[in-house]
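Structural description and commentary
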Amino acid sequence: MIRIQDVNVPTRGVAKYFNLTLLNLPLPGTTPTFYWSIYSEVVIPAAESDEQPTKKLGTILLEGNLEMTETEYAQWGTDDNYPIDWALNQLNFTKI
C-alpha cells in the first residue's frame, strides 16, 4: 500500500492509502491495464495507556481501471515506480 495525501470522498470517508495492480498486458505488450483503489484507515486504540494506537487498512472508498497508452508504456523501462507515479498523476493523488 502507498500512503497518499488525504482524499475526501463525499459520503464515504477519507482515503489515506492507494493500491495499484497490473490486470493484463496483452501480447505484444503495448497497452497495460491497471486496477486502482483507495482505502480508508482504521485506528485501533492502544490497550495500555503507554502504547500508541495501531493504524490499519480500512475499506475501499473508490476503485477503477486505467490503461496506459503505447507511448506511456514505452517510457516504463525497468523502474516499477513508474506505473505507480503515472497512476497517481492520472488520478491527481499525491504520495506522501
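Below: a short report on this structure. It should be emphasised that the depicted structure is a prediction, and the values quoted were computed from it without experimental measurement.

Structural notes on the overall build of the chain
Along its length, the chain carries 2 helices and 4 strands. Counting from the amino terminus, helix and strand elements in the chain follow one another as β-β-β-β-α-α. With respect to the principal axes defined by its C-alpha atoms, the chain has extents near 55 × 30 × 20 Å. Within the chain, buried positions represent 34% of all 96 residues. Nonlocal contacts in the chain, meaning residues at least 24 apart in sequence, comprise 47% of its contacts between residues at least 6 apart. By element, 50% of the accessible surface of the chain is carried by carbon and sulfur atoms, the whole surface being about 6,300 Å². Here the chain holds 6 positive side-chain charges and 12 negative ones, and the gap between their average locations is 8 Å.

Here's the deal with the nonpolar core
Of all hydrophobic cores here, the largest spans 21 residues; its most connected members are Phe-18, Trp-36, Ile-38 and Phe-93. Listing elements by their share of this core, those giving two or more residues are β1 (2–9), β2 (13–24), β3 (33–44), β4 (54–67) and α2 (81–91). The element contributing the most residues to this core is α2, with 6 residues. Leaving out residues up to four positions away in the same chain, Phe-93 has contacts with Val-7, Phe-18, Trp-36, Ile-38 and Leu-88.

Brief notes about the sheet that holds β4
As summarised here, the arrangement of the 4 strands in space is β1-β2-β3-β4, forming an open sheet in which the pairing is antiparallel. Unpaired on one side and paired on the other, β1 and β4 mark the two borders of the sheet. The sheet shows a mean angle of 35° between the axes of neighbouring strands, direction not considered. In the packing of α2 onto the sheet, the strands contacted are β1, β2, β3 and β4, and the crossing angle to β2 comes to about 125°.

Thoughts on α2
If you check which residues of α2 are buried, you get Tyr-82, Pro-83, Ile-84, Trp-86, Ala-87, Leu-88 and Leu-91. Residues of α2 that are buried sit in contact with β1, β2, β3, β4 and α1 (70–74).

As for unusual backbone geometry
Look at the link from Leu-27 to Pro-28: it is a cis peptide, with omega at 0°. Its place among the elements puts Pro-28 in the loop between β2 and β3. Of note in this structure, Asn-92 is not a glycine but carries a positive phi near 60°. In this structure, Asn-92 sits in the segment after α2.

A few points about the packing of aromatic side chains
All told, the structure shown has 5 aromatic pairs when counted by the stated rule. For the pair Phe-18 and Phe-93, a centre-to-centre distance of 6.1 Å together with 65° between the ring planes defines the contact as edge-to-face. Pair noted here: Phe-18 is in strand β2 and Phe-93 is in the segment after α2, with a separation of 75 residues, a long-range link. Each of the two residues, Phe-18 as well as Phe-93, counts as buried. Judged by centre distance (6.0 Å) and plane angle (40°), the ring pair of Phe-34 and Trp-76 falls under tilted. Placement of Phe-34 in strand β3 and of Trp-76 in the loop between α1 and α2 is noted, with a sequence separation of 42 residues between them. With a relative accessible area of 14%, Trp-76 lands in the buried category. Following the ring pairs from residue to residue traces out a cluster consisting of Phe-34, Tyr-73, Trp-76 and Trp-86. The ring of Tyr-17 carries the charged tip of Arg-3 above its face, separated from the ring centre by 5.3 Å.

Rules behind the numbers
Residues numbered from 1 in each chain as written. Predicted model: local features only at pLDDT ≥ 70, side-chain atom pairs only at ≥ 80, totals over all residues. Heavy atoms only, no water. Helix = DSSP H or I, 4+ residues; strand = E, 2+ residues; numbered from the N terminus. Buried < 20%, exposed > 50% of the residue type's maximum accessible area, 1.4 Å probe, protein only. Contact = heavy atoms within 4.5 Å. Areas by Shrake-Rupley, 256 points an atom, 1.4 Å probe, with all protein chains shown as cover. Lys, Arg positive; Asp, Glu negative; His and termini not counted. Charge placed at Lys NZ, Arg CZ, Asp CG, Glu CD. Core = buried A, V, L, I, M, F, W, Y, C linked by side-chain atoms within 4.5 Å. Pairing = 2+ DSSP bridges. Axes fitted to C-alpha atoms, helices over the stretch in contact; angles between N-to-C directions. Phe/Tyr/Trp six-rings, centres within 6.5 Å; stacked < 30°, edge-to-face > 60°. Lys NZ or Arg CZ within 6 Å of the ring centre and 35° of its normal.

So, to be careful, I would describe these as geometric facts and stop short of saying anything about function.
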